[in-house]
Amino acid sequence: MWKFNAKTHYIAELRGLEEGENVRLAGWVQRKSELGGIVFIRMRDATGSVQVVLREGNLSEQELTAARGAGIEASIIVEGSLRRDPRAPGGLEVIASKFILVGDSKDFPIKPGVGEEFLLDNRHLHIRTTRMRNALMIRMEVMRATEEWFVNNGFVRVEAPTFVGAAVEGGATLFEVPYFGKKAYLTQSSQFYLEAAIFSFENVYTIQPSFRAEKSRTRRHLTEFWHAEAEMAWADLNGMMDVVESLVKYIVEKVVERASDKLEALGRRMEAIEGRFPRITYDEALELAKRKGAEIEWGEDFGTEVERLISLEFDLPVFVTHYPKKAKAFYHKQDPKRPEVVLCADLLAPEGIGEIVGGGQRIESENELISRIVEEGLNPEDYKWYLDLRRYGSVPHSGFGLGIERTIRWIAGLPHIRDAIPFPRTPVRLYP
Ligand code: 4AD
């Protein structure tokens, strides 16, 4: 790990040292207590925490006074020698011979028993807690594994713009922003730009934010979320599902391998996934949901509750394919055998989590695409460049979008999507 000269070691490195070795640590006060004139500080850094013992004789009067006065989350530098003591938490402690109070902290507001809204208002401080740090480290491993899978499989990364001129996923969830006298929107998906890039690189991906003006305040919606999207030339619906299955299995495998301690600390039991993901049709899923008591008609998209009922029926993530055309965006290719449904698939994560991936096969004919745009009441002029892709060497192709935060929520077992991102954005949250 990269190190600056404020410290000789990160706390996680102490385990590998000999008794009596001298160390210099830099970090923050997590807890503090005093017993018989001896001050005990539980000190944390980015890698872990350790008990520091500060006693008269080893330290000056000023140093002891500074240690006694240091508040929770004060930043400190400690020098001392390492001692193995089975009574100390973690079996290690540092007997301090020098103490520096770098930045004091008075009355740190994050305390046990404060409410959810208070924690969200103080998110900039809340992310220091062990629980949030574990969740965010799992986030990093999900991001890393996602990127790695694409690179390992020869996908080329292509970034798409955030300001766009037209909707991808329908007008209802568009964020409008003024743009030099014109209207622009925040992108809902990078899909169309990735579709343009398959003609250069065939298999492409990106990981970047998407925006949805979703007014619904749920445990699985953000207004700004990170979106891992891929587009593949020559892939049909089944080829697309094979990619998603391999990617999702890889992400779970790597998170379990690299962050098992974080999962355990969050109380989450998660194992690498064996076996194929079941693939069922919308019609089969609808029957299943109805049997479980859902009131839903053929043609409607599945809401949170229906997806929950379906995903509870499976131990593995399950693909639901062939949704009614009217429940999905205009770019989906119709099933030639059954034109009222489209060649699409959503992946529902188990345990009631619901959709984490949405994708499918795209319309490759220009005329078919124009009729679907018109049918949806949209203006083909707004999609001129997108239509061009069907005019110059069009190919069958498919793609998908995986919601990074929904995936983290599932893997880490988080009750709410907002804990899967450091600074969540929802309809009621723009601060901090
Ligand atoms: O199913 P969606 O809307 O599909 C698309 O945007 C396609 N254009 C993607 C593509 O084919 N390239 O969104 C894809 C995924 C969802 O499965 C979900 O995981 C996530 O994006 N997602 C959200 N995550 C958090 N908050 C929201 N408001 C989300 N909306 C979608």
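Residues numbered from 1 in each chain as written. Predicted model: local features only at pLDDT ≥ 70, side-chain atom pairs only at ≥ 80, totals over all residues. Heavy atoms only, no water.

Trainee: Could you give an account of the site of the ligand, with specific residues and numbers?
Mentor: Close to the ligand lie 24 residues; E169, Q191, R212, E229 and E355 are nearest. In this structure, a nitrogen atom belonging to the ligand sits 3.4 Å away from a side-chain N or O atom of E214. A distance of 2.8 Å is found between an oxygen atom of the ligand and a side-chain nitrogen or oxygen belonging to R362. If the ligand stood free it would expose 630 Å²; the protein chains cover 94% of that surface. Sorting the residues of the shell around the ligand by element identifies β11 (224–233), β17 (354–361) and β18 (397–403) as the ones contributing at least two each. If one sorts the elements of the shell around the ligand by residue count, β17 sits on top with 5 residues. The residue inventory of the shell around the ligand, partitioned by class, reads 7 nonpolar, 9 polar and 8 charged. (Near = heavy atom within 4 Å. Polar contact = N/O pair within 3.5 Å; in protein donor to acceptor, adjacent residues only side chain to side chain. Areas by Shrake-Rupley, 256 points an atom, 1.4 Å probe, with all protein chains shown as cover. Helix = DSSP H or I, 4+ residues; strand = E, 2+ residues; numbered from the N terminus. Nonpolar A, V, L, I, M, F, W, Y, C, P; charged D, E, K, R; others polar.)

Trainee: Pulling in residues and values, what's your account of the sheet that holds strand β9 (residues 182–186)?
Mentor: Read from one edge of the open sheet, 3 strands run β7-β9-β8, paired in antiparallel fashion. Where the open sheet ends on each side, the last strands, each with one partner, are β7 (163–164) and β8 (175–179). Alignment of β7 against β9, held across 2 bridges, turns out to be antiparallel. When the bridges of β9 are listed, V164 appears paired with Y185. (Pairing = 2+ DSSP bridges.)

Trainee: Please give an account of the UniProt feature "domain: Aminoacyl-transfer RNA synthetases class-II family profile" (unreviewed entry) in the protein that cites residues and values.
Mentor: In the UniProt entry, the feature "domain: Aminoacyl-transfer RNA synthetases class-II family profile" (unreviewed entry) is given for residues 136–422. As annotated, residues 136–422 comprises 34% helix and 24% strand, and the C-alpha atoms at either end are separated by 7 Å. (UniProt positions renumbered as here; feature names shortened; annotations may be inferred.)

Trainee: Explain the sheet that holds strand β1 (residues 22–35) to me, using residue names and the numbers behind them.
Mentor: The strand order around the closed barrel built from 5 strands is β1-β2-β3-β5-β4, with neighbouring strands paired in mixed fashion. Each strand of the sheet is rotated relative to its neighbour by a mean of 55°, with strand direction disregarded. Taken together, the 3 bridges between strand β3 (residues 48–54) and strand β5 (residues 92–103) define a ladder with parallel strand orientation. Within β5, the residue paired with V52 across the bridge is V94. (Axes fitted to C-alpha atoms, helices over the stretch in contact; angles between N-to-C directions.)

Trainee: Got a sec to walk through the pattern of salt bridges? Specific residues and values, please.
Mentor: For the structure shown, the criterion picks out 45 salt bridges. Taking the shortest distance from any N to any O, the salt bridge between E79 and R24 comes out at 2.6 Å. Taken as a pair, E79 in strand β4 (residues 75–84) and R24 in strand β1 lie far apart in primary sequence, 55 residues in all. Classification of E79 as partly exposed rests on a relative accessible area of 26%. (Salt bridge = Lys/Arg side-chain N within 4 Å of Asp/Glu carboxyl O. Buried < 20%, exposed > 50% of the residue type's maximum accessible area, 1.4 Å probe, protein only.)

Trainee: Give me the lowdown on the pairing of strand β10 (residues 203–211), citing residues and values where you can.
Mentor: For β10, a buried count of 8 out of 9 residues is recorded, marking the element as mostly surrounded by other parts of the structure. When β10 meets β11, the two strands line up antiparallel, connected through 9 bridges. In the strand pairing of β11, I207 is matched with A228.

Trainee: Tell me what's going on with helix α4 (residues 130–152), and back it up with residues and numbers.
Mentor: Helical periodicity: at 3.6 residues per turn, an α-helix aligns residues three or four positions apart in one direction. The terminal C-alpha atoms of α4, which comprises 23 residues, lie 32 Å apart, in line with the 33 Å expected from a rise of 1.5 Å per residue. Immediately downstream of α4, the backbone of G154 shows phi near 75°, a positive value. (Expected span 1.5 Å × (residues − 1).)

Trainee: Provide a residue-level description of the pairing of β9, including the pertinent values.
Mentor: For β8 and β9, the ladder comprises 5 bridges, and the chain directions are antiparallel. Across the sheet, the residue bridging to Y179 is K182, located in β9. Counted between consecutive antiparallel strands, the loop separating β8 from β9 contains 2 residues, among which F180 sits at a positive phi close to 50°.

Trainee: Pulling in residues and values, what's your account of the packing of aromatic side chains?
Mentor: Per the counting criterion, the structure on display carries 19 aromatic pairs. Note on Y282 and Y323: the rings are 5.3 Å apart at their centroids and 50° apart in plane angle, and the pair reads as tilted. With Y282 in helix α8 (residues 282–291) and Y323 in the loop between β13 (318–321) and β14 (334–335), the pair connects residues that are 41 residues apart, well separated along the chain. Y323 shares its class with Y282; the two are buried. Between F330 and Y331, the ring centres sit 5.9 Å apart and the planes meet at 70°, which makes this aromatic pair edge-to-face. Across the pair, exposure class does not vary: F330 and Y331 are buried alike. The rings of F192, Y193, F330, Y331, Y383, W385 and Y386 are connected pair by pair, giving a single aromatic cluster. Its guanidinium or amino end placed over the ring of Y323, K328 lies 4.2 Å from that ring's centre, counting from NZ or CZ. Just above the ring of Y386 sits the side chain of R390; from NZ or CZ to the centre is 4.3 Å. (Phe/Tyr/Trp six-rings, centres within 6.5 Å; stacked < 30°, edge-to-face > 60°. Lys NZ or Arg CZ within 6 Å of the ring centre and 35° of its normal.)

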